[in-house]
Amino acid sequence: MLIKASAPGSLMLLGEYAVLQGGQALVCAVEKRIYVSLKPRVDDQIKLISDLGELTIPLSQLEIIPPFQFVLATLKKYRKLIKQGCNITIQSEFSDKIGLASSAAVTVAVLAALTAWLELSYSPLQLIREARHIVQSVQGVGSGADVAACVLGGMVAYRKNPFIAERIECFHPLTLVYSGSKTPTVIAINQVNKYFSSKSILFKQLLRAITICAQQGIAAVKAENFTELGHLMTIQQGLMTALSVNTPHLQAIIEKLMIEPEILGAKISGSGLGDCVVGLGTAKDIEQIPIAIATQGVRCEKI
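Throughout this document, residue positions are counted from 1 along each chain, in the order its sequence is written. Note on the predicted model: pLDDT of at least 70 is required for a residue's local features to be given, and 80 or more for side-chain atom pairs to be given and counted; whole-chain, interface and lining totals, by contrast, use all residues. Remark: hydrogens and water are excluded; side-chain values derive from all non-hydrogen atoms of the structure.

J.: Go over the packing of helix α6 (residues 200-222) against helix α7 (residues 226-242), please, and point to the residues and values.
T.: In the contact formed by α6 and α7, the axes pass within 9 Å of each other and the chain directions differ by 165 degrees. Judged by the angle between their axes, α6 and α7 are roughly antiparallel. In the packing of α6 onto α7, the handedness of the crossing is left-handed. Along the contact surface, α6 presents Leu206, Ala209, Ile210, Cys213, Gln216, Gly217, Ala220 and Val221, while α7 presents Glu228, Leu229, Leu232, Ile235, Gln236, Leu239 and Ala242. All amino acids are sorted into three groups, where Ala, Val, Leu, Ile, Met, Phe, Trp, Tyr, Cys and Pro are nonpolar, Asp, Glu, Lys and Arg are charged, and the leftover types, Gly among them, are polar. In the contact of α6 with α7, the residues fall into eleven nonpolar, three polar and one charged. Axis definition: a line fitted to C-alpha atoms, limited for helices to the stretch in contact. Angles are taken between N-to-C directions and run from 0 to 180 degrees. Secondary structure counts use DSSP, requiring at least four H or I residues in a row for a helix and at least two E residues in a row for a strand, with both numbered from the N terminus. Small angles under 35 degrees read as roughly parallel and large ones over 145 as roughly antiparallel, with 65 to 115 read as roughly perpendicular and the rest as oblique. Handedness of a crossing is defined here by the sense of rotation of the near helix relative to the far one, left-handed for an anticlockwise turn of less than a right angle and right-handed for a clockwise turn. Here a residue-residue contact requires only that any non-hydrogen atoms of the pair lie within 4.5 Å.

Here is the structure:
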């Protein structure tokens, strides 16, 4: 038996930082996927193979070891149900350095393959909850918005609590520009929290404004009003600057995108201080990573 699963990467369009505090977000899956193959073994060894390296570890000695922490955390969560070892091979269409939520994508793909092997039946919303818990257990923070996009595909209206994950059919073109560097999400979040440690009221108001951008952005997508969505992305970019996660280099990319005639709006995607800038629409005169909104979320099959 061979089980094959894959999950797309994702981009945050609206709602960064506010979604961590219970606000809404608009996130989209992108057609850059992580592929996972799971093949059972006759012994108790877990063998992991990827571009990041290889690891063999007995099932009885599972522990969370980088760079396979999300895979191992998934296996460890279901350890009591796993009766034999397996080989897990991971292949990715994108680097974990460019801010396409590789940790969420690999967690979702491994979880889909593992639950298929164990013959567990999860609905998409249950899969989101399970994967979100695993990612948070490893990172210590995270809203689960990227997980929801990986599971559902398309654009997703998301809220952590009360839990909402609603797929919206939308396939508007996007432009993605990598800044050339990445700051880990946890470090960016800690920097923002430290910066606003004595400005809690102002911080709450900024997050409220970001939530409003996300709420209105979700309504704009449902109405297919992409001009309005672009305006809201540009407005939230100003709020990202206020949160201290913009940089001169990121700002230069945004300004270059905004002079493109078909770009309706542009902003940092994700926690900032690096990673990517996303533009709504197509651009010609800028180096970019080719992307499209994913038509499908997680996929899994037994062979």
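J.: Could you give me a rundown of the packing of aromatic side chains, with the residues and numbers involved?
T.: Two aromatic rings, drawn from Phe, Tyr or Trp (for Trp, its six-membered ring), form a pair once their centres lie within 6.5 Å of each other, and the interplanar angle then sorts them: stacked below 30 degrees, edge-to-face above 60, tilted otherwise. This model, assessed by the stated rule, comprises three aromatic pairs. Between Tyr195 and Phe196, the aromatic rings sit 5.0 Å apart at their centres with planes inclined by 75 degrees, giving edge-to-face as the arrangement. Take Phe196: its relative accessible area is 4%, and that puts it in the buried class. Through a chain of ring-to-ring contacts, the aromatic side chains of Tyr195, Phe196 and Phe203 assemble into a single cluster. The rule for a charge over a ring is simple: NZ of Lys or CZ of Arg within 6 Å of the ring centre, and within 35 degrees of the ring normal. Lying across the ring of Tyr195, Lys199 places its NZ or CZ 5.1 Å from the centre. Think of it in three bands: residues with accessible area under 20% of the maximum for their type are buried, residues over 50% are exposed, and the middle band is partly exposed, with areas taken using a 1.4 Å probe on protein chains only.

J.: Lay out the environment of Val108 with the relevant residues and their values.
T.: Structurally, Val108 can be placed in helix α2 (residues 102-117). You can call Val108 buried: its relative accessible area is 0%. Residues Val108 and Val36, spaced 72 residues apart in sequence, show a C-alpha to C-alpha distance of 9.8 Å. Apart from the residues lying within four places of it in its own chain, the contact partners of Val108 are Ala7, Ala131, Val147, Cys150, Val151 and Val298.

J.: Please give an account of the side chain of His172 that cites residues and values.
T.: With respect to the element layout, His172 can be found in the loop between β7 (164-168) and β8 (174-178). For His172, a relative accessible area of 17% gives the class buried. Those residues in contact with His172 that sit more than four places away from it in its chain are Phe226, Leu264, Leu280, Gly281 and Ile293.

J.: Hey, could you go over the pairing of strand β2 (residues 24-40) for me, with residue numbers and the actual values?
T.: The buried fraction of β2 amounts to twelve of the 17 residues, a majority that puts the element mostly inside the structure. Both strand β1 (residues 3-14) and β2 contribute to a ladder of eleven bridges, which runs antiparallel. Across the sheet, the residue bridging to Ser6 is Tyr35, located in β2. Only when DSSP finds a minimum of two bridges between them are two strands counted as paired. Two elements, β2 and strand β5 (residues 86-92), share seven bridges in a ladder whose sense is antiparallel. Looking across to β5, one finds that Pro40 is bridged to Cys86.

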